[in-house]
There are 2 protein chains.
Amino acid sequence: MARAVSETHGEILAAAARRFAVTGYRGTSLQDIAGEVGCSKATVLYHFANKEALLAELMAPAIGVLRDLDDQLTGLTGTAAQEVAAQGFVDLAVRFRREIAVLRGEFPELLCQPAFAHIQQISDRLRDALAGHSDRPAARIAALVLLAGISEACAEFVDIPDDELRPALLTLVRRAVEPVDAPLPQPPTTEDKDS
Amino acid sequence: MARAVSETHGEILAAAARRFAVTGYRGTSLQDIAGEVGCSKATVLYHFANKEALLAELMAPAIGVLRDLDDQLTGLTGTAAQEVAAQGFVDLAVRFRREIAVLRGEFPELLCQPAFAHIQQISDRLRDALAGHSDRPAARIAALVLLAGISEACAEFVDIPDDELRPALLTLVRRAVEPVDAPLPQPPTTEDKDS
DNA sequence: AGCATGCCTGACCGATCGGTCAGAGCCTGA
DNA sequence: TCAGGCTCTGACCGATCGGTCAGGCATGCT
């Protein structure tokens, strides 16, 4: 054997992504990944310090984009925040469908790991932005339903091309989210920012 | 000790429901459940043939209601199917939040077990009904996003009372789902039933 | 040739999993 | 009083998990 470092490293990463997306992080053993690559379990642990490090490296690109989106969101309020959150998350979810599928369901346990310490806070801020920073329960419920539903849909619709899935999700979000400062019975004041 | 049968049986069931909802089916060991009840692991396996049977008995009520909803859906088309599916599933998800939380994420693996053989087909029909039996990708995507999002929201918003969560979800679904045979450029024919 | 370095592996480890089993303790009916 | 059934348990089992370790085997430099 004796391939180049990056080669085997990348193969393990790709195999792990495939298996994690199907059987989940917990449900996939290092033996499974090694079997798919065609190497031994010890080889997997030669290239990655442990199973958690393998997952962290797998998630790094998606987490980076999520961080960028979080930065764009700071300071925005009302419909501007809603629109940026909707576009940003839909694009992220469509692009990183496989990573989304990995986190699906195992979110609470995986978030305890140090590599994902801030994801929970970021996703909370994202949900808050999609709700237009409103504290109305209906708005917060709608935001959660949409974010979770989009994640699930992206993980499930693996056969639909990006360019078809993205606009469909975006129009759905825009229809489902009620703008916080446009068609409400109150006069269009600009005071409804985060208190 | 030596309590009445039904007493310990019920306590194990309740403890399992609590733990499964937090750490998932796979992430909860029989030892965990026994510890929460205050009995030995062998006692758990005295009352239930195996871990799978424990889960099956836990899910039985929710599955029964899901089956009833599936029956109500047969024969309905268009907006009627959409409305019944929306109301039925929102009510089911709100009532059985804990059971929904258990299935969350571990859906694909759990469905392989014989006790849940038909759930996948039922949920597929439910999604189809919510999409108004339309084959438009946008309608099918919206239906999946909403069903998955509602499940997630019910599992997460444990502190919101039923009477508040239910109407919020229902209005969200009605706003997000576009009726199949009302404001479309086609004339309102009644031929759009399942082919 | 001799040596060092990097890639890879089989064998092994302790922990934990779901599940089995013989038997202890208790209650009840004969 | 005693036999028998019900409830419950500690001890144990094989399988599998993530992870460790000494060493094999190329390759390349001196």
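The sections below set out a description of the structure shown in this document. (Residues numbered from 1 in each chain as written. Chains lettered and ligands numbered in written order. Predicted model: local features only at pLDDT ≥ 70, side-chain atom pairs only at ≥ 80, totals over all residues. Heavy atoms only, no water.)

## Overview of helix H10 (residues 162-176) of chain B
Now for step 1: A rise of 1.5 Å per residue sets the reference length of H10(B), with its 15 residues, at 21 Å; its end C-alpha atoms lie 21 Å apart and thus fit the reference within 8%.
Now for step 2: Taken as a whole, H10(B) has its buried residues at Leu165(B), Ala168(B), Leu169(B), Leu170(B), Leu172(B), Val173(B) and Ala176(B).
Now for step 3: Those residues of H10(B) that are buried are in contact with helix H9 (137-156) and helix H10 (162-176) of chain A together with helix H5 (78-95), helix H6 (97-103), helix H8 (119-130) and helix H9 (137-156) of chain B. (Helix = DSSP H or I, 4+ residues; strand = E, 2+ residues; numbered from the N terminus. Expected span 1.5 Å × (residues − 1). Buried < 20%, exposed > 50% of the residue type's maximum accessible area, 1.4 Å probe, protein only. Contact = heavy atoms within 4.5 Å.)

## Thoughts on the nonpolar core
If you look at soluble globular proteins, the nonpolar side chains tend to sit buried side by side.
Now for step 1: Core analysis: the biggest nonpolar cluster contains 130 residues, and Ile33(A), Leu130(A), Ile150(A), Leu169(A), Leu130(B), Ile150(B) and Leu169(B) have the highest contact counts within it.
Now for step 2: Residues contacting Leu130(A), with those up to four places away along its chain left out, are Gln82(A), Ala85(A), Ala86(A), Ala143(A), Leu146(A), Leu147(A), Val173(A) and Val177(A). (Core = buried A, V, L, I, M, F, W, Y, C linked by side-chain atoms within 4.5 Å.)

## With respect to the pattern of salt bridges
Now for step 1: Scanning the entire structure with this criterion turns up 26 salt bridges over all chains.
Now for step 2: When the shortest N-O distance is used, the salt bridge between Asp162(A) and Arg97(A) registers 2.6 Å. Taken together, the positions of Asp162(A) in helix H10 and Arg97(A) in helix H6 (residues 97-103) put the pair 65 residues apart, joining distant regions of the chain.
Now for step 3: Ionic pairing is found between Arg19(B) and Asp32(B), a salt bridge with its closest N-O pair at 3.8 Å. With Arg19(B) in helix H1 (residues 5-23) and Asp32(B) in helix H2 (residues 30-37), this pair connects stretches of sequence that are 13 residues apart.
Now for step 4: Exposure remark for Arg19(B): the relative accessible area of 27% places this residue in the partly exposed category.
Now for step 5: What makes Asp32(B) partly exposed here is its relative accessible area of 29%.
Now for step 6: Connected via shared salt-bridge partners are Arg18(A), Arg19(A), Asp32(A) and Glu36(A). (Salt bridge = Lys/Arg side-chain N within 4 Å of Asp/Glu carboxyl O.)

## Overview of the relation of the copies chain A and chain B
Now for step 1: Superposing chain A onto chain B takes a rotation of 180 degrees combined with a translation of 0.0 Å along the rotation axis, leaving an RMSD of 0.0 Å. Such a combination of rotation and displacement between the chain copies is what one expects of a two-fold axis.
Now for step 2: Most of the interface of chain A is mirrored in chain B: 100% of its interface residues are interface residues there too. (Least-squares fit on C-alpha atoms with pLDDT ≥ 70 in both.)

## Some words on unusual backbone geometry
Now for step 1: In this model, His133(A) sits at a positive phi of 55 degrees, which is unusual for a non-glycine residue.
Now for step 2: Positionally, His133(A) belongs in the loop between helix H8 (119-130) and H9.

## Brief notes about the packing of H9(A) against H10(B)
Now for step 1: The contact between H9(A) and H10(B) brings their axes to 10 Å, and the two run at 60 degrees. Relative to H10(B), the element H9(A) lies oblique. The chirality of how H9(A) crosses H10(B) is right-handed. Where H9(A) abuts H10(B), its residues Pro137(A), Ala138(A), Ile141(A), Ala142(A) and Val145(A) lie against Glu164(B), Leu165(B), Ala168(B), Leu169(B) and Leu172(B). (Axes fitted to C-alpha atoms, helices over the stretch in contact; angles between N-to-C directions. Parallel < 35°, antiparallel > 145°, perpendicular 65-115°, else oblique. Left-handed = near helix turned anticlockwise from the far one by under 90°.)

## Let's talk about the interface of chain A and chain B
Now for step 1: Facing 34 residues of chain A, the contacting portion of chain B comprises 34 residues.
Now for step 2: Overall, the association of chain A and chain B removes approximately 2600 Å² of surface from exposure, summing both partners, and the carbon and sulfur fraction of that is 70%.
Now for step 3: The three residues of chain A that bury the most area against chain B are Ile141(A), Val145(A) and Arg175(A), which together make up 23% of that side's buried surface.
Now for step 4: When the shortest N-O distance is used, the salt bridge between Arg175(A) and Glu178(B) registers 3.9 Å.
Now for step 5: Taken together, chain A and chain B are joined by four residue pairs in polar contact (both at pLDDT 80 or more).
Now for step 6: Sorting the residues of the side of chain A that touches chain B by element identifies helix H1 (5-23), helix H7 (107-110), H9 and H10 of chain A as the ones contributing at least two each.
Now for step 7: Looking at which element gives the most residues to the side of chain A that touches chain B, the answer is H9(A), with 14 residues.
Now for step 8: Its residues assigned to classes, the side of chain A that touches chain B shows 20 nonpolar, four polar and 10 charged. (Buried area = accessible area lost by both parts, 1.4 Å probe. Polar contact = N/O pair within 3.5 Å; in protein donor to acceptor, adjacent residues only side chain to side chain. Nonpolar A, V, L, I, M, F, W, Y, C, P; charged D, E, K, R; others polar.)

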